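In case you want the letters, here they are:
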Amino acid sequence: MTTAAAPQPPSAESLRREKEARAYRRARRKAREAEGEIRELNIVAMMDMMTIILVFLLKSYQASAINVNMGADLTIPQSSTQLHPQENITVTVSAREVAVNDRKVVEIRNGLIPADAKEGKRSEAFYVGAIHEALKREVDKQKYIAQYNKAAPFAGRLNVVVDRKIPYRTLMDVLYTAGQAELGEYKFMVLKND
């Protein structure tokens, strides 16, 4: 029978080499891990990123620049429309007045434009001189801007904000007069249901 020789204990030199190899592998692994690690925050890069996101959000944000101050005199109808309002000349017809771009032009009595404000001071007339003058001034401004800015041509559009209790006759007076001031396309403003 052969007897197996007892294994020789590792020599001190081989233990030292093995320990150095483990330390070397551990150091290399830590160095590889540290390459992908962020040790400090670069605030300049973050500010650049936030600026780009802010510009993108502002460009994609669609808000209306048209403000309608509703109150006891003005309650506009509600609708389920998905259209967004456009920047145009705005005529507001409330229970007390007709305003062009938020400037009072004509007073309203009992829902109607008084006869003394109409052509020939006749109640059956459609033409209202004060509204025509105010609209014509705004049209002339838009045409002047369109001469120098080809990106903003004159379109002849009118935003109409009307109280829901205003009689149809008053609305017809306003629209007829707007047509005489070269505003032939009307956009009625409504309150959008969410």
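Our subject is the structure that appears above.
Residues numbered from 1 in each chain as written. Predicted model: local features only at pLDDT ≥ 70, side-chain atom pairs only at ≥ 80, totals over all residues. Heavy atoms only, no water.

**Thoughts on the packing of helix α3 (residues 129-148) against helix α4 (residues 168-180)**
Now for step 1: Where α3 contacts α4, the two axes come as close as 9 Å, and the packing angle between them is 45°. As summarised for this structure, α3 and α4 are arranged oblique, according to the angle between their axes. Between α3 and α4 the crossing geometry is right-handed. Side by side, α3 and α4 meet where Ile131, His132 and Leu135 of the first sit next to Val174, Thr177, Ala178 and Gln180 of the second.
Now for step 2: Split by residue class, the contact of α3 with α4 holds four nonpolar, three polar and no charged. (Axes fitted to C-alpha atoms, helices over the stretch in contact; angles between N-to-C directions. Helix = DSSP H or I, 4+ residues; strand = E, 2+ residues; numbered from the N terminus. Parallel < 35°, antiparallel > 145°, perpendicular 65-115°, else oblique. Left-handed = near helix turned anticlockwise from the far one by under 90°. Contact = heavy atoms within 4.5 Å. Nonpolar A, V, L, I, M, F, W, Y, C, P; charged D, E, K, R; others polar.)

**A few points about the sheet that holds strand β5 (residues 157-162)**
Now for step 1: In spatial order, the strands read β4-β3-β2-β5-β6; together these five strands make up an open sheet with mixed pairing. Strands at the two margins of the open sheet, each flanked by one partner only, are β4 (103-107) and β6 (185-188). Between one strand and the next, the sheet's axes are offset by a mean angle of 25°, whatever the strand orientation.
Now for step 2: With four bridges joining them, β5 and β6 adopt parallel strand pairing. The residue bridging Arg157 from the neighbouring strand is Glu185, located in β6.
Now for step 3: Each of β2 (89-93), β3 (97-100), β4 and β5 touches α3; the most contacted strand, β4, lies at about 155° to it.
Now for step 4: In the packing of α4 onto the sheet, contacts are made with β2, β3, β5 and β6, and the angle to β6 comes to roughly 140°. (Pairing = 2+ DSSP bridges.)

**Observations concerning the pattern of salt bridges**
Now for step 1: Across all of its chains, the model carries 13 salt bridges by this definition.
Now for step 2: The partner of Asp173 in a salt bridge is Arg169, with the nearest N and O atoms 3.0 Å apart. Remark: Arg169 and Asp173 occur in helix α4; sequence separation between them is four residues, near one turn of the helix.
Now for step 3: Classification of Arg169 by relative accessible area gives partly exposed; the value is 29%.
Now for step 4: Lys187 is paired through a salt bridge with Glu185; the nearest N and O atoms lie 3.6 Å apart.
Now for step 5: Of the residues examined, Lys187 reaches a relative accessible area of 33% and is grouped as partly exposed. (Salt bridge = Lys/Arg side-chain N within 4 Å of Asp/Glu carboxyl O. Buried < 20%, exposed > 50% of the residue type's maximum accessible area, 1.4 Å probe, protein only.)

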